[in-house]
Number of protein chains: 6
Amino acid sequence: MSKDVFDKGFEIRKSVLGAEFVEKSFASADDFNRPLQELVTEYCWGAVWGRDTLDKKTRSMLNLAMLAALNRPHELKMHVKGALRNGVTKDEIREVLLQVVIYAGVPAGVDAFRLAREAMQEVQA
Amino acid sequence: MSKDVFDKGFEIRKSVLGAEFVEKSFASADDFNRPLQELVTEYCWGAVWGRDTLDKKTRSMLNLAMLAALNRPHELKMHVKGALRNGVTKDEIREVLLQVVIYAGVPAGVDAFRLAREAMQEVQA
Amino acid sequence: MSKDVFDKGFEIRKSVLGAEFVEKSFASADDFNRPLQELVTEYCWGAVWGRDTLDKKTRSMLNLAMLAALNRPHELKMHVKGALRNGVTKDEIREVLLQVVIYAGVPAGVDAFRLAREAMQEVQA
Amino acid sequence: MSKDVFDKGFEIRKSVLGAEFVEKSFASADDFNRPLQELVTEYCWGAVWGRDTLDKKTRSMLNLAMLAALNRPHELKMHVKGALRNGVTKDEIREVLLQVVIYAGVPAGVDAFRLAREAMQEVQA
Amino acid sequence: MSKDVFDKGFEIRKSVLGAEFVEKSFASADDFNRPLQELVTEYCWGAVWGRDTLDKKTRSMLNLAMLAALNRPHELKMHVKGALRNGVTKDEIREVLLQVVIYAGVPAGVDAFRLAREAMQEVQA
Amino acid sequence: MSKDVFDKGFEIRKSVLGAEFVEKSFASADDFNRPLQELVTEYCWGAVWGRDTLDKKTRSMLNLAMLAALNRPHELKMHVKGALRNGVTKDEIREVLLQVVIYAGVPAGVDAFRLAREAMQEVQA
C-alpha cells in the first residue's frame, strides 16, 4: 500500500461521502471487509478521484450517470448525496438523469429519479 | 411529432456527430429504420440534448462514461469523436475512462481506452 | 412537445398502468421529476406504445422479457400488472418468464418469477 | 439426458435456425463444445421452446427484445433470421426494436437496428 | 423430463441450498411456478452441477463471482450460504469478492460484500 | 504509487498474460493510456492478484466466469489463454462455461464457447 495515496483517498472520500460515514465504515470493519475498505480508499478515492484534470463536481455527475446505468441503488443514493456536497445542483442532477433515460433506457431512468428523490429527502430531513 | 423539437435535434445531432454522417443516415434510411432515425433525432437530440442547464461538453463526458459502462463499442467510438467536437480534451477523455475502470470494472475500462484510441486515430487520419 | 402525442400517450399509459397511479404521478410531480413524467409519457407511451403493427398484449410480453433481463424489479412488477390489464394470461406470463430463464439466466428468471407472483398477489388483494 | 426432449428440441432448433446450420454445429462439435450443443438443444429448444401456450412467432419476438437488451450481436442476428422463418414480418421486427430503444436505451436500439438490417440483407443475398 | 437427472439435481440442490428450503419451494409451488422449479432442478442442478471435473466448492466460488457481477442480490445471499456449506471459507469468499471489485467494478464489489456479510450473519444467528 | 505493489503486479501480469504482450503494452503506451497501464498493473495485478488465499488457477476460473457474464470478448479471449498458462485444463474451461450457460444465459454461454475455442486455436497455432 502507498500511505500517501491512501491518506489522500481517505480525505477525499470523507469530503464526498461524509466524514462520519467513512470513519464508521473503518471503525466497524473486520477481517472480512477491511481489505475492501483499504482497496477502495486507496485506488478509487486516492488513485482516481485524487487525480487532477476533472473537478469533483464533474466526477460526481459521471458517477450518477454510471451508477444509474449499472443499476446500483445503494451506491447511487450515496453518490446523489455526495454530488450535492460537491456542488452539483438539483437541476443538474435532473439533467444527468434525463440523459440516463435516453441512453440506459426508461426503466433505468425512472429508478434513478425515484432513488435520487429519496436521497434528497433524506438530506433535507 | 413536434417539428420544432425535431429540427432542433437535427441541428444538435449534426453539430455533435458530424453533418455528413447524420445527413447520410437520413438519406439512406428506408421504411425499416426511418422511424428509428426520427425517434432518436427528436427524442434523444431534441428533447434531451436540446435542454439547457448542462452544456454539450458535460453531456459528452456523461455519454462516454455511460456508453463504456453499457458496453456499446460503436456508439462509444462515435461519441469520442463527438466529445472532441464538443471541446472535451484528450486528457479529459482519459480521466473519464479512468473513472470507468473503477466504477464499471477493469475490462470495461480497458475496452473503452482501446476504442477511444481507435476513434482518436481515425479523427487524425 | 407535441400535445397530440402526449395526450395519446397519457391515455395509453393510464389504460396499461392504471389511471389512478398515472394521475397521482403527475399530481405529485415537482420541478425535479415533472420533465421525466412528460418525457416518458410522450415518447415511451405516445410515440412508441401509440404505434400500430403490434398490439398492447404483445408489447406487454416484450416488456416483461426485457425488464426481467434488464433487472428492474419495480418496473417489472408494474408491468406484470399492466400485462394482466392488456389480456396476457397468467399462463402466458409463466411462459415468457421461462424463456427469460434460458436467455438471461436462472437468477434473472428466478427473480422474475418471485416478483411476478408478488405482483399477481397484490392484484388479487 | 431425455432423448424425447432432445429430439423435440433438435427439430425445433432446425426449424428456427436452419437445418444446415444446426447439423453443421453438431457435425463439427468436439469434446470441448459437444456438451454445450447437447445442453442447449435439450434445455433451451426442447424443454422451453417445445412448450405450448406461446407460439414460435411470439417466442421469436421475445428473443429479439431480450438479445438486444442483453447485448449479444451474434445471437441477435441469428434470431432475426429465425424470426423471419417464424413469420415475424419486417414491420414487426422494426416495432420490437423501437420498443428496445425506449426500454433498453438508444444505443441498444441503434445497435439492434444495424444488426437486424445486416441479417435481413444476408437473408436476401 | 429425465427422472434420473431431476433426482440427481434434487439431491445436489438440497445439499447446497438446504433441504428444508428446497422441499418448501416444491411444496408451495403452484401451476405458475412449478415448471420453473422443475426446469431449474433438472438442468441447473442435475445437468450442470451434477457434472464431474469441477467440485462443488469451485462451482460455488464461480457462482459468487457471477452473481455479484450479474447484480442478483437474492441469489447471491443464498449462494453465500451454499458456499459455506460447500466448504468455501470466509477468507476465500472475501478473495472472490475482491476480485469482483476489480473486474465488475467497485459498486458491484461493495454491494457484494454487504450482502455476503448479511448472509453470514444470518447463518450465525 | 507503491513501487512494491506495482512490481509485484508487473511480474504476475506477465506470468498470466505473457511477458511479450505486457512489455509491449507498456512500450507502446503514451500519455493517453499510460495511467491506465499503471493503474491496472498496480491495482488489479498487484493489489488483488498478488494476494494469497486463492491460487492463480482459481482466480483464472473466476475471471472466465465473470468476463463471460460481463460480455467482454477481448478480455475473455486473453484470459482463456491466461487460464491455460495458470494450469486450468481445457475440460475445466468447458465446465466453467457450462455454468455460465446456466447462470448468465444461453447467449452468454454460446458466445463464451465460441471465443474460448478461438483463443485455444490461436494458442495452438
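Here goes a summary of the coordinates provided. Just so it is clear, the model here is predicted, and its values are computed rather than measured.

### Notes on helix H5 (residues 73-85) of chain C
If you check H5(C), its first and last C-alpha atoms are 19 Å apart, about what 13 residues at 1.5 Å a residue would give, namely 18 Å. Among all positions of H5(C), only C:Glu75, C:Leu76, C:Lys77, C:His79, C:Val80, C:Gly82 and C:Ala83 are buried.

### Details of the interface of chain B and chain A
Across the contact, 31 residues belong to chain B and 33 residues belong to chain A. Carbon and sulfur atoms make up 69% of the surface buried where chain B meets chain A, a total of about 2,800 Å² over both sides. The three residues of chain B that bury the most area against chain A are B:Met66, B:Gln99 and B:Tyr103, which together make up 25% of that side's buried surface. Counting the contacts that link chain B with chain A gives four salt bridges. Between B:Arg51 and A:Glu95 there is a salt bridge, and its shortest N-O distance comes to 2.9 Å. At the boundary of chain B and chain A, one finds 12 residue pairs in polar contact (both at pLDDT 80 or more). Those elements giving two or more residues to the side of chain B that touches chain A turn out to be helix H3 (34-48), helix H4 (56-70) and helix H6 (90-104) of chain B. The element best represented in the side of chain B that touches chain A is H6(B), accounting for 11 residues. Its residues placed into classes, the side of chain B that touches chain A shows 19 nonpolar, five polar and seven charged.

### Describing the side chain of B:Glu42
Looking at the element boundaries, B:Glu42 is found in helix H3. Despite its burial, B:Glu42 pairs with no opposite charge; the closest candidate is C:Arg51, at 9.9 Å N-O. Aside from chain neighbours lying at most four places away, what touches B:Glu42 is B:Met1, B:Ser2, B:Val5, B:Phe6, B:Ala47, C:Glu42 and C:Tyr43.

### Regarding the relation of the copies chain B and chain A
Once chain B is rotated about the relating axis by 180° and shifted along it by 0.0 Å, it coincides with chain A to within an RMSD of 0.0 Å. Read as a symmetry element, the transformation amounts to a two-fold axis. Mapped onto chain A, 100% of the interface residues of chain B again fall at the interface, so both copies present the same surface.

### Quick look at the interface of chain C and chain D
Facing 33 residues of chain C, the contacting portion of chain D comprises 31 residues. In total, chain C and chain D occlude about 2,800 Å² of area from one another, counting both sides; carbon and sulfur atoms represent 69% of this. When the buried area of chain C at its contact with chain D is split by residue, C:Met66, C:Gln99 and C:Tyr103 rank highest and sum to 25% of it. Across the contact surface, chain C and chain D share four salt bridges. Summed over the shared surface of chain C and chain D, the result is 12 residue pairs in polar contact (both at pLDDT 80 or more). Residue assignment for the side of chain C that touches chain D shows that the elements contributing at least two residues are helix H3 (34-48), helix H4 (56-70) and helix H6 (90-104) of chain C.

### Topic: the relation of the copies chain C and chain D
Superposition of chain C onto chain D requires a rotation of 180° combined with a translation of 0.0 Å along the rotation axis, giving an RMSD of 0.0 Å. Both copies share a contact surface, since 94% of the interface residues of chain C are interface residues in chain D too.

### Some points on the packing of H3(C) against helix H6 (residues 90-104) of chain D
Put simply, H3(C) and H6(D) touch, their axes get as near as 11 Å, and they point 165° apart. In terms of orientation, H3(C) and H6(D) fall into the roughly antiparallel class. Crossing angle aside, the handedness with which H3(C) passes H6(D) is left-handed. On H6(D), the residues touching C:Tyr43, C:Cys44, C:Trp45 and C:Val48 of H3(C) are D:Leu98, D:Gln99, D:Ile102 and D:Tyr103. Looking at side-chain class alone, the contact of H3(C) with H6(D) contains seven nonpolar, one polar and no charged residues.

### Remarks on the packing of aromatic side chains
By the definition in use, this model includes 33 aromatic pairs over all chains. Of the aromatic side chains, those joined through ring pairs into one cluster are A:Phe6, A:Phe10 and A:Phe26.

### Structural notes on the pattern of salt bridges
A full pass over the atoms with the stated rule returns 90 salt bridges over all chains. As a salt-bridge pair, E:Glu23 and E:Lys14 come within 3.4 Å of each other at their nearest N and O atoms. With its nearest N and O atoms 2.6 Å apart, the salt bridge here joins E:Glu122 to E:Lys81. One end of the pair, E:Glu122, is in helix H7 (residues 106-124); the other, E:Lys81, is in helix H5 (residues 73-85), and 41 residues separate them in sequence. E:Glu122 sits in the partly exposed class, given a relative accessible area of 41%. Connected through salt bridges with shared partners, the residues A:Arg51, A:Arg59, B:Asp91, B:Arg94 and B:Glu95 form a single ionic network.

Cut-off values and rules
Residues numbered from 1 in each chain as written. Chains lettered and ligands numbered in written order. Predicted model: local features only at pLDDT ≥ 70, side-chain atom pairs only at ≥ 80, totals over all residues. Heavy atoms only, no water. Helix = DSSP H or I, 4+ residues; strand = E, 2+ residues; numbered from the N terminus. Expected span 1.5 Å × (residues − 1). Buried < 20%, exposed > 50% of the residue type's maximum accessible area, 1.4 Å probe, protein only. Contact = heavy atoms within 4.5 Å. Buried area = accessible area lost by both parts, 1.4 Å probe. Salt bridge = Lys/Arg side-chain N within 4 Å of Asp/Glu carboxyl O. Polar contact = N/O pair within 3.5 Å; in protein donor to acceptor, adjacent residues only side chain to side chain. Nonpolar A, V, L, I, M, F, W, Y, C, P; charged D, E, K, R; others polar. Lys, Arg positive; Asp, Glu negative; His and termini not counted. Least-squares fit on C-alpha atoms with pLDDT ≥ 70 in both. Axes fitted to C-alpha atoms, helices over the stretch in contact; angles between N-to-C directions. Parallel < 35°, antiparallel > 145°, perpendicular 65-115°, else oblique. Left-handed = near helix turned anticlockwise from the far one by under 90°. Phe/Tyr/Trp six-rings, centres within 6.5 Å; stacked < 30°, edge-to-face > 60°.

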